[in-house]
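# Overview (structure and organization)
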Amino acid sequence: MATFKEFRNNLKPNWCPGCGDFSVQAAIQRAAANIGLEPEQLAVISGIGCSGRISGYIHAYGLHGIHGRALPIAQGVKLANRELTVIASGGDGDGFAIGMGHTVHAIRRNVDITYIVMDNQIYGLTKGQTSPRSAEGFKTKSTPEGSIESTLSPLEVALSAGATFVAQSFSSDLKQLTALIEAGLQHKGFSLINVFSPCVTFNKINTYDWFKEHIVNLDQFEDYDPSNRIAAMTKIMETGGLLTGLVYQDKSRKSYEDMAVGFQQEALAKQELKLSEGEFAKL
Ligand code: SF4
Ligand code: MG
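Residues numbered from 1 in each chain as written. Chains lettered and ligands numbered in written order. Predicted model: local features only at pLDDT ≥ 70, side-chain atom pairs only at ≥ 80, totals over all residues.

Attention now goes to the domain arrangement of the protein chain. Assigned domains within the protein chain: domain 1 (4-252) and domain 2 (253-283). Here domain 1 and domain 2 have C-alpha centroids that lie 30 Å from each other. Facing the 12 residues of domain 1 at the interface are 5 residues of domain 2. Looking at side-chain class alone, the side of domain 1 that touches domain 2 contains 2 nonpolar, 4 polar and 6 charged residues. (Domains from an automatic or database assignment. Contact = placed C-beta atoms within 7 Å. Nonpolar A, V, L, I, M, F, W, Y, C, P; charged D, E, K, R; others polar.)

Below you can see the structure in the form of structure tokens.
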């Protein structure tokens, strides 16, 4: 069985020292090993941005795609080979600005993939502009007088769009982040995991210390019930979205693949012919 080290390759990430994305990379590698995957059973599809480089730093199948388009590619990969475990990944600009149309409809579609967003509240790769996740009043090169747009709440959007798995974590909490990625990978449907992943170079407001001071960790509430959608929405709103943990999970809804008639017929034919996925694909 592969260990997390087998999900490493010989490329040295060129993220800035201290960037939150290092922890996300480590958590994906650990989670994949912990649930018993081999590198050839995993595909990591990323968009554009500093975080988009992550697909190149994990020993698995991977594709560093185009801006905002990690999700359509990842869904296509999963539907073409449903034996693969598929992760889509990218930043808040990639997924919640140019890619937002894909994000909402991927959530509704509920294909069995895991979407990990490295949310640093800024555009890092292009040297610091306001993103949909930046706070009102946030000053950057693109908003020198402070942002006058409201801040997007991705967890509220996800719940409204019918998400079946919504979680949020923090780069500093490797244990929780790894556990949530494991849960997301094992969830039968689309899972969104938003990760507060600080940009230490361009975002001097939302720092590690800032998050430590503001985050409310759901793990401390024994009576929190992640199957209660109304409670989940309430908690997100009460905390201003600054909560971590498993926010919502609906285990009853089937994935897209399990509902699509063509795939059901294929599964039945495979059973009748007693063929594996690989043998069936060769027919
Ligand atoms: Fe990370 Fe920011 Fe550096 Fe990009 S610019 S690698 S997001 S710290
Ligand atoms: Mg960003």
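Glancing now at the pairing of strand S5 (residues 165-170). Summarising burial for S5: 6 of the 6 residues are buried, a large majority. With burial as the criterion, each face of S5 is covered, one bearing Phe165, Ala167 and Ser169 and the other bearing Val166, Gln168 and Phe170. Two elements, S5 and strand S8 (residues 243-249), share 4 bridges in a ladder whose sense is antiparallel. Pairing of valine 166 across the sheet is with tyrosine 248, part of S8. You can see the chain leave S5, run along helix H6 (residues 174-186) and come back into strand S6 (residues 191-196), and the turn it takes is right-handed. (Buried ≥ 20, exposed ≤ 12 C-beta atoms within 10 Å, placed from the backbone. Helix = DSSP H or I, 4+ residues; strand = E, 2+ residues; numbered from the N terminus. Pairing = 2+ DSSP bridges. Right-handed = clockwise from strand over helix to strand, strands pointing away.)

Ordered by their spatial adjacency, 8 strands build an open sheet running S2-S1-S3-S4-S6-S5-S8-S7, and the pairing between neighbours is mixed. The open sheet has two free edges, formed respectively by strand S2 (61-64) and strand S7 (216-217), since each of these has just one partner strand. Where S7 and S8 come together, 2 bridges link them in parallel fashion. Within the sheet, the bridge partner assigned to valine 216 lies in S8 and is leucine 243. Taken strand by strand, helix H1 (residues 21-34) contacts strand S1 (42-46), strand S3 (85-91), strand S4 (114-119) and S6, and its axis lies near 160° from that of S4. (Axes fitted to C-alpha atoms, helices over the stretch in contact; angles between N-to-C directions.)

End to end, H6 covers 18 Å across 13 residues, agreeing with the expected 18 Å (1.5 Å per residue, within 8%). For H6, the complete set of buried residues consists of Gln176, Leu177, Thr178, Ala179, Leu180, Ile181, Gly184 and Leu185. The inward-facing, buried residues of H6 abut H1, S3, S4, S5, S6 and S8. (Expected span 1.5 Å × (residues − 1).)

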